[in-house]
Amino acid sequence: MSEYRSLTLTVIAIFVITLMAAYFSPSFAEQKSYLELFILLGSLLFIFSVVIVFATLGFHSFALFLSIFLAVVIALYGVLGALLLTVMTYFLWGSIFAMEVLLFYNGSESAKEWFVSRYDFKTFKMEYFAFYPMMGMLYILLEFIPYIFSKEKLLKFTPSKVLKEMEELLE
């Protein structure tokens, strides 16, 4: 629990220091720069907190929240903003899902618990096919490229085997 307290205090300190820098800056241009930085940091904090909420809730709640969030983004920033949000969300959520699949494939108990607590087989299969490219990309980044440079044993990743194991686990 103390990690969350220190993280919260760090975030609050960053915002307070940025606001103090804006208040005590000698020129309007510096003050404007610090206020823009404050708004940018607030936006980043919001985006990361939304991603954490999505990762915590799972896909069924994720679809509902994403549709509401996309409607707000389209109203504020237009279709291009919504497209950018969709691509970033696909990349972030797909990375989380693919990482958990790779951990499950390699025998991680925490990944197994993560899937059991958040998925039934139908939703897992839907995300499995949606994030199939992300699983391949992460396998290349985490297994194949290090194999090329270090000549360690290459662990073969078979996505169909994961699907069969998940069918047994989640049914």
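Residues numbered from 1 in each chain as written. Predicted model: local features only at pLDDT ≥ 70, side-chain atom pairs only at ≥ 80, totals over all residues. Heavy atoms only, no water.

Right, let's talk about helix 6 (residues 132–150) for a bit. When the terminal C-alpha atoms of helix 6 are compared, their 26 Å separation across 19 residues agrees well with the 27 Å that a helix rising 1.5 Å per residue should span. The complete set of buried residues in helix 6 reads M134, M135, L138 and Y139. Looking one or two places after helix 6, you find K151, whose phi comes out positive at around 60°. (Helix = DSSP H or I, 4+ residues; strand = E, 2+ residues; numbered from the N terminus. Expected span 1.5 Å × (residues − 1). Buried < 20%, exposed > 50% of the residue type's maximum accessible area, 1.4 Å probe, protein only.)

Secondary-structure assignment places L84 in helix 3 (residues 59–105). Of the residues examined, L84 reaches a relative accessible area of 55% and is grouped as exposed.

One pass over the structure, following the stated rule, counts 19 aromatic pairs. Pairing Y128 with Y132 gives two aromatic rings, centres 5.7 Å apart and planes at 75°, and the pair type is edge-to-face. We classify Y128 as buried; its relative accessible area is 3%. Residue Y132 is classed as partly exposed on the basis of its relative accessible area of 42%. (Phe/Tyr/Trp six-rings, centres within 6.5 Å; stacked < 30°, edge-to-face > 60°.)

Let's shift gears to the nonpolar core. Generally speaking, a soluble globular protein has its nonpolar side chains buried in company with each other. Residues V101, F115, Y119, F124 and M166 are the most contacted members of the largest nonpolar core, which totals 23 residues. Sorting the residues of this core by element identifies helix 3, helix 4 (109–118), helix 5 (121–130), helix 6 and helix 7 (159–170) as the ones contributing at least two each. The biggest single contributor to this core is helix 3, with six residues. Contact partners of F115, with chain neighbours within four places excluded, come to F97, E100, V101, F104, F124, M166 and L170. (Core = buried A, V, L, I, M, F, W, Y, C linked by side-chain atoms within 4.5 Å. Contact = heavy atoms within 4.5 Å.)

Taken together, the side chains of D120, E167, E168 and E171 define an acidic patch exposed on the protein surface. Its location among the elements puts E168 in helix 7. In this structure E168 comes out as exposed when scored by relative accessible area, which is 68%. (Patch = residues over 30% accessible without salt bridge, like charges linked within 9 Å, V, L, I, M, F, W, Y side chains within 5 Å. Areas by Shrake-Rupley, 256 points an atom, 1.4 Å probe, with all protein chains shown as cover. Salt bridge = Lys/Arg side-chain N within 4 Å of Asp/Glu carboxyl O. Lys, Arg positive; Asp, Glu negative; His and termini not counted. Charge placed at Lys NZ, Arg CZ, Asp CG, Glu CD.)

Attention shifts here to the side chain of T18. One can find T18 in helix 1 (residues 2–23). For T18, a relative accessible area of 7% translates into the label buried. At a separation of 2.7 Å, a polar atom in the side chain of T18 contacts the main-chain carbonyl oxygen of I14. The contact partners of T18, leaving out residues within four places of it in the chain, are Y34, L37, F38 and L41. (Polar contact = N/O pair within 3.5 Å; in protein donor to acceptor, adjacent residues only side chain to side chain.)

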